Amino acid sequence: MAKYANFLDWSDDLKAWLCGLDDEELSSVSSIFTFIGVEHSTSLTAFSLPDFVVLGQAVDSFELDEVLPVISLSHSVTCVGEHNVWLCPLPWRSSTLSAVLKEIKQLHTFPQASGVNLNLHVRHLEALLIRQALATTQGVVSKAAQNLQIQRTTLIEKMRRYNIDKSEF
């Protein structure tokens, strides 16, 4: 694990959702992420929005409501939508993982030199604000709508669009 020590200064605020990992993959990925300080969970509701997703080797295709970077443990994967995907089968080399996580970290800096996809960032921000409002009101939609200064029916429509369930809060 000493070879991952160079991650400790910049990786500690990343959050990862682990999806479809078998027990061996989960053990390996969890131990590395714990060591380098990447917060991670197999539960999507653990974070308001993770910074990236790690897909197990058995996952051969995926579709996410949110546009998030994806690390796949497979040699190939089919994605629906616009996603940055890195194919990183286990075992991970420190140099490979470091490069991928640095790229993911840079995706969150604003604005990018190549331009900004405004629609993507507006959707991301809108979903984040809705989740935060629901969390502060313990899932009470009418209070969340009031805090967001929108109609309750508008909030319900947006929750459907972003696949947000009030029971998560």
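Model, not experiment: these values are computed from the prediction.

Asker: What exactly am I supposed to notice about the overall build of the protein chain here?
Answerer: If you tally the helices and strands in the protein chain, you get five helices and seven strands. Each helix (α) and strand (β) of the protein chain, taken in turn from the N terminus, gives the series β-α-β-β-β-β-β-β-α-α-α-α. Residues counted as buried form 37% of the 169 residues belonging to the protein chain. When contacts within the protein chain are restricted to residue pairs at least 6 apart in sequence, long-range pairs at least 24 apart make up 52% of them. For the protein chain, the exposed area adds up to about 9800 Å²; of that, 50% sits on carbon and sulfur atoms.

Asker: Got a minute to help me understand the nonpolar core in this structure?
Answerer: Proteins that are soluble and globular tend to have nonpolar side chains buried together. Ranked by size, the top nonpolar core spans 20 residues in total, and within it Phe33, Phe52, Ile71, Trp92 and Leu101 carry the most contacts. Listed by contribution, the elements that provide at least two residues to this core are β1 (15–19), α1 (23–36), β3 (52–55) and α2 (94–107). Listed in part, the eleven residues of the second largest apolar core include Leu134, Ala144, Leu155 and Tyr162.

Asker: Quick question: what am I supposed to make of helix α4 (residues 141–148) here?
Answerer: Note that an α-helix has 3.6 residues per turn; residues three or four places apart therefore point the same way. Turning to α4, its buried residues are Val141, Ala144 and Ala145. Each buried residue of α4 sits inside an arc of 100° when the element is viewed along its axis, so together they form one side. Those residues of α4 that are buried are in contact with α3 (118–136) and α5 (152–161). Following α4 by one or two positions, glutamine 149 adopts a phi angle in the positive range, close to 60°.

Asker: Help me understand unusual backbone geometry, please; the structure alone is not making it clear to me.
Answerer: Cis peptide bonds are those with omega within 30 degrees of zero, and the linkage from leucine 90 to proline 91 qualifies with 0°. With respect to the helices and strands, proline 91 occurs in the loop between β7 (85–87) and α2. You will see that glutamine 138, though not glycine, has its phi angle at about 55°, which is positive. Relative to the assigned elements, glutamine 138 resides in the loop between α3 and α4. Positioned with a positive phi, asparagine 163 is a non-glycine residue whose angle comes to about 55°. Looking at the element boundaries, asparagine 163 is found in the segment after α5.

Asker: So what exactly am I meant to see when it comes to the packing of α3 against α4 here?
Answerer: Helix-helix packing is characterised by the crossing angle of the two axes and by the distance between the axes. As a packed pair, α3 and α4 sit with axes 8 Å apart at the nearest point and diverge in direction by 125°. As far as their axial angle goes, α4 and α3 are oblique. Here α3 runs over α4; the crossing is right-handed. Taken together, the residues of α4 that come into contact with α3 (itself represented by Leu129, Ile130, Ala133, Leu134 and Thr136) are Val141, Ala144, Asn147 and Leu148. The class makeup of the residues in the contact of α3 with α4 is seven nonpolar, two polar and no charged.

Calculation criteria
- Residues numbered from 1 in each chain as written.
- Predicted model: local features only at pLDDT ≥ 70, side-chain atom pairs only at ≥ 80, totals over all residues.
- Heavy atoms only, no water.
- Helix = DSSP H or I, 4+ residues; strand = E, 2+ residues; numbered from the N terminus.
- Buried < 20%, exposed > 50% of the residue type's maximum accessible area, 1.4 Å probe, protein only.
- Contact = heavy atoms within 4.5 Å.
- Areas by Shrake-Rupley, 256 points an atom, 1.4 Å probe, with all protein chains shown as cover.
- Core = buried A, V, L, I, M, F, W, Y, C linked by side-chain atoms within 4.5 Å.
- Arc of directions from axis to C-beta.
- Axes fitted to C-alpha atoms, helices over the stretch in contact; angles between N-to-C directions.
- Parallel < 35°, antiparallel > 145°, perpendicular 65-115°, else oblique.
- Left-handed = near helix turned anticlockwise from the far one by under 90°.
- Nonpolar A, V, L, I, M, F, W, Y, C, P; charged D, E, K, R; others polar.

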